[in-house]
Amino acid sequence: MNYDFKTIEAKWQEHWEDNKSFKVERDSSKKKYYLLEMFPYPSGRIHMGHVRNYGIGDAVARFMRMKGFNVLHPIGWDAFGLPAENAAIQNKTHPAQWTEENISSMQMQLRSLGFSYDWDREIATCRPEYYRWNQWCFLQFYEKGLVYRKKSQVNWCEACNTVLANEQVVDGCCWRCDGEVEDRFQEGWFLKITDYADRLLEGCKTLSGKWPDKVLAMQSNWIGKSYGAEVDFQVKGKDEAIKVFTTRPDTLYGATFMVLAPEHPLTLELSRGTDQETAVDEFISKVKQEDKVSRTSETGEKEGVFTGAYAVNPLTGEDVPVWSANFVLMDYGTGAIMSVPAHDQRDLDFARKYNLLVRVVIEPAEGSLDAATMTEAFSSDGTMARSGSFDGLRGDAARRKVCEFLEDKKIGKATVNFRLRDWGVSRQRYWGTPIPIVHCDDCGLVPVPQDQLPVQLPLDVELGDRGRSPLTTLAEFYEAQCPACGKSARRETDTLDTFVCSSWYFDRFTSAQNDQFAFDKDDVDYWMPVDQYVGGIEHAILHLLYSRFFHLVFHDLGLVKSEEPFEHLLTQGMVIKDGAKMSKSKGNVIDPDEIIQNYGADTARLFILFAAPPAKDLEWSSQGVEGCYRFLKRVWRIFDDFANEIRSAGSVSQGYEADTKELSELRRMTHVTIRRVTDDIQVRMQFNTAVSAIMELVNHLYAFRDGWTSQETKSNEAIAVVRESFDTLILLLSPFAPHVAEEMWSLLGHETSLVEVEWPVFNESLTRTEELLIVVQVNGKVRQRITVSASASQEDIKSQALGDAKIEEQTKGKEIKKVIVVPGKLVNIVVK
RNA sequence: GCCGGGAUGGUGAAAUUGGUAAACACGCAGGACUUAAAAUCCUGUGGCCGUAAGGCCUUACGGGUUCGAUUCCCGUUCCCGGUACCA
């Protein structure tokens, strides 16, 4: 019988579907396990990255199910977003239609891969049943004071015609379309993620060891906490102070000038009435013309202009000139800095260029600095000098003392600054969740009452006017009554960033069909947190930070017990071909469907798990796929050889001693393989080595077969041992190649599907051998291999090693200084 | 620059607590089966020297610790990812 993967896979997919094999319910009598993979955007086709992501997840889900856990393994669709809108304009369809069609075809593909999802929990974020609760979340945040509206400099993507959050700007370009991002001044909605900066950072510590260090480091850097001080510099001749943030209050005596960001309101104000007026105007307009990328690149020339004004250094009492320069950013700190050229490279470069005063106030432990000639700023810790009564203080202590002084004098204070900005969630596009707010001339911003949710996204819109969001042109949508006073009012026409949808979908999965709540308290507290989350590294900051933020807020609102949504995180590497990420433009895309057609889902899944450890990039290899296909055929053939003979065998009786060496070796191999595969999946999450171990067992069965078939009489016990091996092989293979495993399992006469079978347990005593191979080294070099009885004492091993002919030859005439015996491993003889 | 991760055969990789480097697979070579091919099965396969027995070398590079280092420590080079006039 040939390995007919097409028939087998279709058969079992149908079986799982008809029986709802992977449907789960909350059951407090069972230990839960929530396995989640990042849900896909319904682009239309599954790609290899998905196969990898979901292949890894499914292996773990199936394994944990067999280990007896109540496993929640859901799937859904991150279905709002720009591609639908753009595709709809191009193909003259509707985003809803385009999206739903894509969902259907991708569902088919996921089914054809045999993933073990609870399909009853499937969600799509673009459906009112979902986005209704998205609006509800927004209002929860609103009521808690975590939502506000402000006019600000925003990142505008011209190509996408919308605003982007800071996290969505990559190297000055749009994360989605790669188009250039420009600054715009615009009003929009923000979520106060900065209120949670400290707790999000603290959380990184508790996740250490459970999330990849890399992701935690990226998040910590993104949050960017820095300790320092805020100091007020009085403007000379005006009742106005310039507030600066510095991480080096110990260098305050060396602040010889100040620099404002060009956008800083005081830049313009201070120059008025001075002879620098026109110079400042020209400078500001020049900087405005520069694009964001070159403005913020480090290699860019530092340029500035004197504002004509002076401020007073609060510690030295000196007048210091106030400049404005392109390298000071309005959106970090206070948008103004004190410049200490001797101890900051940028300040020094600027001072040299414009001939400003340099004063050394921190002395290094070794050598000395010459303010007149130095070209490299000394920015490490050192001893304070030329700093009045602070002279001699160092490092943190120095900074603390200066801060205390500033607080005493009420001219500054120790403070903490974050790099993290609030999350702008307004999008000027159609295909997203309508923001449930009404603008009333009398009442101001009025939230839509919960019983009026969802604010439906109208489907009868004209798309294609690329300048504006369609909602702003649709009177039936934006004309509304004020929920508070009943007067006619205007509905908000911005939609929510789609990252809002994905910030809590894992909670929704716990009560996917509930139409009373976003999620049921008992459900969410039973299932959450996600025990294992699997997804791409590209969401290290975006989705993973937003989700943590949402979950903390939910926690504070008493909606969920846990604080962190994802207990363990695995970020899988990319699938690459010819050294590059698969992409249409490079023409190196392998279509999963084609692989499934030619080799089957089991082969596709096996290859993708076998070819590389999960966290590493995986180089696609058609020969490697061929190899995995060959392996499954090899499994099938040896199974076919034995199936009839072992089908009616019983189990091996307890205390059975194998009649032959071959049988006891097969038994040992079987139990060793259980141990290896279990450990690889459960502890190490290393599926490539798990598959290798199974391959070794199969190789062993082939070697075993030759002796077996020539044997004339076989005891029932002997047949039972062989059966045990095949049962085990099938079970161990089942998380990786579930279809062929199910088929073989049923061919052996088992009546239950593997879904209900327990993971095999190894017997430690059966994994031991009677003889051990010991390596004998002389001076650390392997010279001989000897076999010793497993019960041999260290002394026995030592004398057997020393008595070996070859070792005697190696040690002849030399003095034996030391003999090291590592039980079960090696003997090292040190000679001179 | 800073942060994180890497570098092992012809290739993907393995070595779990410092203990036989290269498991498993691909590729390649040889053999069996076959009229032949495919498929399949078996054997070999890090490099150098040697007919062989065997020896020497080998985990990016240079040091160190240790009886023993792919693994730990110090330094260097290169590669990948993130981030960056962040005050």
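Here is what the cut-offs are and how they apply
Residues numbered from 1 in each chain as written. Chains lettered and ligands numbered in written order. Predicted model: local features only at pLDDT ≥ 70, side-chain atom pairs only at ≥ 80, totals over all residues. Heavy atoms only, no water. Helix = DSSP H or I, 4+ residues; strand = E, 2+ residues; numbered from the N terminus. Expected span 1.5 Å × (residues − 1). Buried < 20%, exposed > 50% of the residue type's maximum accessible area, 1.4 Å probe, protein only. Contact = heavy atoms within 4.5 Å. Pairing = 2+ DSSP bridges. Polar contact = N/O pair within 3.5 Å; in protein donor to acceptor, adjacent residues only side chain to side chain. Near = heavy atom within 4 Å. Domains from an automatic or database assignment. Axes fitted to C-alpha atoms, helices over the stretch in contact; angles between N-to-C directions. Parallel < 35°, antiparallel > 145°, perpendicular 65-115°, else oblique. Left-handed = near helix turned anticlockwise from the far one by under 90°. Nonpolar A, V, L, I, M, F, W, Y, C, P; charged D, E, K, R; others polar.

### Topic: helix α5 (residues 128-143)
Logical step 1: Spanning 16 residues, α5 covers 22 Å between terminal C-alpha atoms, matching the ideal 22 Å at 1.5 Å per step.
Logical step 2: Regarding α5, the residues found buried are Tyr130, Tyr131, Trp133, Asn134, Gln135, Trp136, Cys137, Phe138, Leu139, Gln140 and Phe141.
Logical step 3: Gly145 sits one or two positions beyond α5 and adopts a positive phi of about 80°.

### Structural notes on the side chain of Gln109
Logical step 1: Along the polypeptide, Gln109 turns up in helix α4 (residues 95-112).
Logical step 2: When sequence neighbours within four positions are dropped, the list of residues in contact with Gln109 reads Gly44, Arg45, Ile46 and Asp593.

### A word on the environment of Ser152
Logical step 1: Take Ser152: it is sitting in strand β5 (residues 147-157).
Logical step 2: The buried category is assigned to Ser152, whose relative accessible area is 10%.
Logical step 3: Linking Ser152 and Gly424, residues 272 residues apart in sequence, is a C-alpha distance of 10.0 Å.
Logical step 4: Non-local contacts of Ser152, meaning those with residues more than four positions away in its chain, are made with Arg184, Phe185, Gln186 and Phe190.

### So, the pairing of strand β12 (residues 257-260)
Logical step 1: Alternating positions in β12 separate into two faces, Phe257 and Val259 on one and Met258 and Leu260 on the other, with burial throughout.
Logical step 2: Summarising the sheet, β12 and strand β15 (residues 336-339) pair through four bridges and their orientation is antiparallel. Counted as the bridge partner of Leu260 is Ala336 from β15.
Logical step 3: With three bridges joining them, β12 and strand β14 (residues 319-325) adopt parallel strand pairing. Note that in β14 the partner of Val259 across the bridge is Trp323.

### Regarding the side chain of Thr334
Logical step 1: Relative to the elements of secondary structure, Thr334 occurs in the loop between β14 and β15.
Logical step 2: From its side chain, Thr334 meets the backbone oxygen of Ala336 in a polar contact 3.2 Å long.

### Brief notes about the protein's contact with RNA strand B
Logical step 1: Around RNA strand B, the surrounding shell holds 59 residues, and the nearest of these are Thr247, Lys302, Tyr332, Ala611 and Asn828.
Logical step 2: Backbone atoms, meaning sugar and phosphate, form 64% of the atoms of RNA strand B found within 4 Å of the protein.
Logical step 3: Here Arg684 contributes a side-chain N or O atom positioned 2.8 Å from a phosphate oxygen of RNA strand B.
Logical step 4: Measuring from a phosphate oxygen of RNA strand B, one finds a side-chain N or O atom of Lys781 at 3.0 Å.

### Let's talk about the domain arrangement of chain A
How big an interface is tends to be reported as the loss of accessible area on association of its parts.
Logical step 1: Per the domain assignment, the segments of chain A are domain 1 (5-124 + 528-574), domain 2 (137-192 + 422-498), domain 3 (226-417), domain 4 (642-767) and domain 5 (771-831).
Logical step 2: Placing the centre of domain 2 and that of domain 4 at their C-alpha centroids yields a distance of 59 Å.

### Focus on the packing of helix α21 (residues 661-684) against helix α23 (residues 716-733)
Logical step 1: Here α21 crosses α23 at 20°, and the two axes come no closer than 10 Å. In terms of their interaxial angle, α21 and α23 are classed as roughly parallel. Two packed elements cross with a definite hand, and for α21 against α23 that hand is left-handed. Here Leu663, Leu666, Arg667, Thr670, His671, Thr673, Ile674 and Val677 of α21 come into contact with α23, specifically with Ala718, Val721, Val722, Glu724, Ser725, Thr728 and Leu732.
Logical step 2: Among the residues making up the contact of α21 with α23, the classes are represented as eight nonpolar, five polar and two charged.

### What to know about the pairing of strand β25 (residues 488-491)
Logical step 1: Pairing analysis gives two bridges linking strand β22 (residues 437-440) to β25, with the strands arranged antiparallel. Residue pairing for β25: His439 is matched across the bridge by Arg490.
Logical step 2: Of the strand pairs in this sheet, strand β24 (residues 479-481) and β25 are connected by three bridges, and their pairing is antiparallel. Bridge pairing links Glu479 to Arg490 in β25.
Logical step 3: Taking the residues between adjacent antiparallel strands as the criterion, β24 and β25 are bridged by six residues, where Gly486 takes a positive phi near 85°.

### Overview of the sheet that holds strand β21 (residues 433-434)
Logical step 1: Overall, antiparallel pairing links the three strands, which are arranged β20-β26-β21 in an open sheet. Of all the strands in the sheet, the pair left with one neighbour each is β20 (426-427) and β21.
Logical step 2: Across two bridges, β20 lies against strand β26 (residues 495-496) in antiparallel orientation. Its bridge partner lying in β26, Ser426 is registered against Leu496.

### Here we look at the environment of Ser503
Logical step 1: Mapped onto the elements of the fold, Ser503 is located in the loop between α14 (498-501) and α15 (505-508).
Logical step 2: According to the relative accessible area criterion, Ser503 is buried, its value standing at 0%.
Logical step 3: Linking Ser503 and Arg121, residues 382 residues apart in sequence, is a C-alpha distance of 17 Å.
Logical step 4: In contact with Ser503, other than residues within four places in its own chain, are Trp423, Tyr546, Ser547 and Phe550.

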